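Chain by chain, the residues:
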Amino acid sequence: MIHTALELGSLDVTAVEAAGFAFVTIANDGPVEAGVLAAHLSRRTQRIGLAPELHVTVTEPFHLATQLASLDHASLGRAGWVVGAVNTVPAYAAVGGTLLAEADLRREVEDVIDVARALWTSWEPDAVIRDVESGRFLDADRVHHVNFVGARFSVVGPLITPRPPQGEVVVIGADTLGVTSRLDVALIDAPSLDELSSRAAVAREAGASLVFADVRDPGALRPDELEGVVDGVRLHPSSSDDLAAAVEALGPLPPVAATLRETLGV
Amino acid sequence: MLHLGLFFTGVGPQLIWTAPNFAPHTHIDTFVATARTLERGLFDAFFLGEGLRVRENRGRVYDLDVAGRPDAITQLAALAAETTHLGLVATQNTTYNYPADLARRLASLDVVSGGRAGWNIVTTDNAWTGENFRNGGWLPHSLRYSRANEFVTAAKALWSGSSYSLHNEVIDIDAPPTVAARPMLFQAGDSPGGRDLAARHADVVFSANTDYDKAVAYAADLRARLAGYGRSPDSVRILPGAMVVLGDTPAAAADKAEWIRREQTTGSRAIAFLEQYWGKDLSGYDPDGPLPDIEPAEGELDPSRGTIPIEFRTGKAERIAAWRELGLSIRDTVIQVTPQHNAFVGTPGQIADEWTRYHDSHAVDGFNILPQELPGTIEDIVDKLVPELQERGLYRTAYTGTTLREHLELP
């Protein structure tokens, strides 16, 4: 059995959860910002993972890490992050930035993923001690500066939010970002099974924990062909009929655990 | 009518974490339970603080107070799904945010909550906080309110359906409109720049002027500034921060207030407070003994705590000399020199009577409550003080609207 995810679009998240999907991704192109929407949906659901797309290029890395950590707290360990790397003139104009060359863009993506992971773990699991005797709420030796220095920014830390329930939020991104070694889930959008197979092998070689196939045409879903090639699939159904057809084609789904990391085994 | 909000800072000495029943103050379940209690008590708003760097003392993470908080907008978006009426106000900084990004996130909170979003506008030029951001310390102190004003003007335009473009020394933006929204704007700054920003843009001021005479003077000053911007005197709600300590008798309330005060100023905290002035390790001193007999280090105060009120940040040598004159122990000195100006202590009836006086003179429109016990403070207010206010006709007996604007009775 392979893991299942889908891009939420305008679907009802409770129906997707009821169908047994491991997680939904939430593209950041709707009227409601994806991180805010994911947080809201975290309290309308109990088991499904929630992975908003947040862009590394037009956000503050510190805010991005804080927002995702907070989503993980609000959802009790169901947060994922779809790494976005918008690199367009209008997107930069909104925040006063300029386009990045390809190599610089890849470095920026790497830096933001690295600093986010460092910030999420900047509070050790047992940092809050509440020791009435000594009057210490925290053990200051277990809350760390990250002192991250990237190519284009630096962050001292620690995170203002305590360690997320999952430790690190599940990091999901396209293999085309060129940062596969840093991903928990590499998404591969390939036009053929042959290409999918070869890119999946490359992604595994690069160190992605899991490899998912992006299947855009609901009619093209062939779970039996994907078995053994990838670990999971992300669907893009555009209607509840598409969703029903996909559920039919997929057959029984793997069980969903309390946290997204446990569900995916990463 | 009086309006009540809960201001949950999530850090600092205010919250007494040593109580056996202290609820984990960063856990979502604690926030949900608190929000539901506030809604039962017909509060206008749940108001989250923000600070963008974990506080330190002499280069080390400060370990004596509660610390750690969620991203305010993320947390409030989650709470929007758990509540139906409560206003949801996020403190957000204009120095270390992009206007287009923050305007979009606030508009999104307004949409998912059905018109219950608020934004408490804060500024900083603090380079120490800026070390967590791409352009730390970029904004000179003198321009922080100029930036804030441009930022809020841009956000309002984007919320009302317009594109917005402006490039100058304090803002660089060319952005499309957000989804239609109008979060309520809160402002707390008490400097002339802060008051001016409030008069220009705010729907609610969260003032520090809680003493009756100061509250009256503040209201007069704000209303004069409002007139300067062509706004009516009743277009802004004034909700100063307030601590409430209730007891069944006046003596019981006073005893509880004294207990709270000493819990909030433990010996270790008193030592840490002095270390900011001395700039030296004072951990060897007895908090119940006299002030340190050594001289303080040269130089300015350590900015990294973020806890010292502005009025305490200057005149270090004179201040220490005056403290020595008091002849008190370290702990009692700190209690003495950090008086609380914002506490209402008494029986529910006494406080309701006192608040009637504030209300009748139009000095305030209500209060933002600063909790000290979690749970405890809010439960006591909702169960004991709110009925007294309702009996006096000072407080709603049901929500009459669903949006924060409606709760605040603003047009």
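Residues numbered from 1 in each chain as written. Chains lettered and ligands numbered in written order. Predicted model: local features only at pLDDT ≥ 70, side-chain atom pairs only at ≥ 80, totals over all residues.

An unreviewed UniProt entry lists chain B under the name LLM class flavin-dependent oxidoreductase, with Paractinoplanes aksuensis given as the organism. For the record of chain B, the UniProt heading Sequence similarities (unreviewed entry) holds the text "Belongs to the NtaA/SnaA/DszA monooxygenase family." (UniProt positions renumbered as here; feature names shortened; annotations may be inferred.)

Per an unreviewed UniProt entry, chain A carries the name LLM class flavin-dependent oxidoreductase and comes from Paractinoplanes aksuensis.

(A) Here's a closer look at the overall build of chain B. When its secondary structure is counted, chain B shows 14 helices and 14 strands. In terms of C-alpha radius of gyration, chain B reaches 21 Å, essentially the compact-globule figure of 22 Å for 411 residues. With respect to the principal axes defined by its C-alpha atoms, chain B has extents near 65 × 55 × 40 Å. Within chain B, the proportion of its 411 residues that are buried is 48%. Within chain B, contacts between residues separated by at least 24 positions form 74% of all contacts whose residues are at least 6 apart in sequence. (Helix = DSSP H or I, 4+ residues; strand = E, 2+ residues; numbered from the N terminus. Rg over C-alpha atoms; globule rule 2.2 N^0.38 Å. Buried ≥ 20, exposed ≤ 12 C-beta atoms within 10 Å, placed from the backbone. Contact = placed C-beta atoms within 7 Å.)

(B) Summary view of the sheet that holds strand β11 (residues 237–238) of chain B. Residue and element names in this part refer to chain B. A sheet is described by the order of its strands in space; here ten strands give the open sequence β11-β10-β9-β6-β5-β2-β1-β14-β12-β13, paired in parallel fashion. The open sheet terminates on both sides in strands that have one partner only, identified here as β11 and β13 (343–346). Packing against the sheet, helix α8 (residues 250–264) makes contact with β12 (241–246) and β13, and its axis sits at approximately 140° to β13. Lying on the sheet, helix α13 (residues 377–391) is in contact with β1 (3–8), β12 and β14 (366–369); it crosses β12 at an angle near 75°. (Pairing = 2+ DSSP bridges. Axes fitted to C-alpha atoms, helices over the stretch in contact; angles between N-to-C directions.)

(C) Quick look at the interface of chain A and chain B. Chain A puts 42 residues into the contact, and the matching count from chain B is 47 residues. When residues of the side of chain A that touches chain B are traced back to their parent elements, those giving at least two are α2 (34–42), α3 (61–74), α4 (89–95) and β6 (136–138) of chain A. Broken down by element, the side of chain A that touches chain B gets its largest block of residues, seven residues, from α3 of chain A. Split into classes, the residues belonging to the side of chain A that touches chain B amount to 23 nonpolar, twelve polar and seven charged. (Nonpolar A, V, L, I, M, F, W, Y, C, P; charged D, E, K, R; others polar.)

(D) Quick look at the sheet that holds strand β11 (residues 210–215) of chain A. Residues and elements named next belong to chain A. Around the barrel, which closes on itself, the eight strands sit in the order β1-β2-β3-β4-β9-β10-β11-β12 with parallel pairing between neighbours. Between one strand axis and the next, the sheet turns through 25° on average, direction left out of account. Looking at chain direction, strand β2 (residues 23–26) and strand β3 (residues 49–55) are connected through four bridges and run parallel. Paired with T25 across the strands is A51, a residue of β3.

(E) View of the UniProt feature "domain: Luciferase-like" (unreviewed entry) in chain A. Per the UniProt entry, the sites bearing "domain: Luciferase-like" (unreviewed entry) are residues 14–175 of chain A in this numbering. Segment residues 14–175 of chain A splits into 34% helix and 20% strand. End C-alpha atoms: 29 Å apart.

(F) Seen up close, the domain arrangement of chain B. For chain B, the assigned domains are domain 1 (3–248 + 341–407) and domain 2 (266–337). On a C-alpha basis, the centroid separation for the pair domain 1 of chain B and domain 2 of chain B is 30 Å. (Domains from an automatic or database assignment.)

(G) Up close: the pairing of strand β8 (residues 172–175) of chain B. All names here are of chain B. Only one face of β8 is covered, namely the one carrying I173 and A175; the face carrying D172 and D174 has none of its residues buried. Where strand β7 (residues 164–167) meets β8, four bridges bridge the pair, whose relative direction is antiparallel. Bridged to S165 within β8 is D174. Turn length for the β7-β8 hairpin, with the two strands adjacent in sequence and antiparallel, is four residues.

(H) Layout of the nonpolar core. Of all hydrophobic cores here, the largest spans 205 residues; its most connected members are V24 and F212 of chain A together with F46 of chain B. The biggest single contributor to this core is helix α5 (residues 144–159) of chain B, with nine residues. Residue assignment places this core across two domains, with domain 1 (3–248 + 341–407) and domain 2 (266–337) of chain B each supplying three or more. Excluding anything up to four places from it in sequence, F212 of chain A contacts A5, V185, A186, L187, I188, V230, D231, G232, V233 and R234 of chain A. (Core = buried A, V, L, I, M, F, W, Y, C linked by C-beta atoms within 7 Å.)

(I) Local environment of the packing of α3 of chain A against helix α2 (residues 72–80) of chain B. At their nearest, the axes of α3 of chain A and α2 of chain B sit 8 Å apart, and the two run at 30° to each other. Accordingly, the angle class assigned to the pair α3 of chain A and α2 of chain B is roughly parallel. Crossing hand, α3 of chain A versus α2 of chain B: right-handed. Where α3 of chain A abuts α2 of chain B, its residues Q67, S70, L71 and A74 of chain A lie against T74, Q75 and A78 of chain B. Of the residues in the contact of α3 of chain A with α2 of chain B, the class split is three nonpolar, four polar and no charged. (Parallel < 35°, antiparallel > 145°, perpendicular 65-115°, else oblique. Left-handed = near helix turned anticlockwise from the far one by under 90°.)

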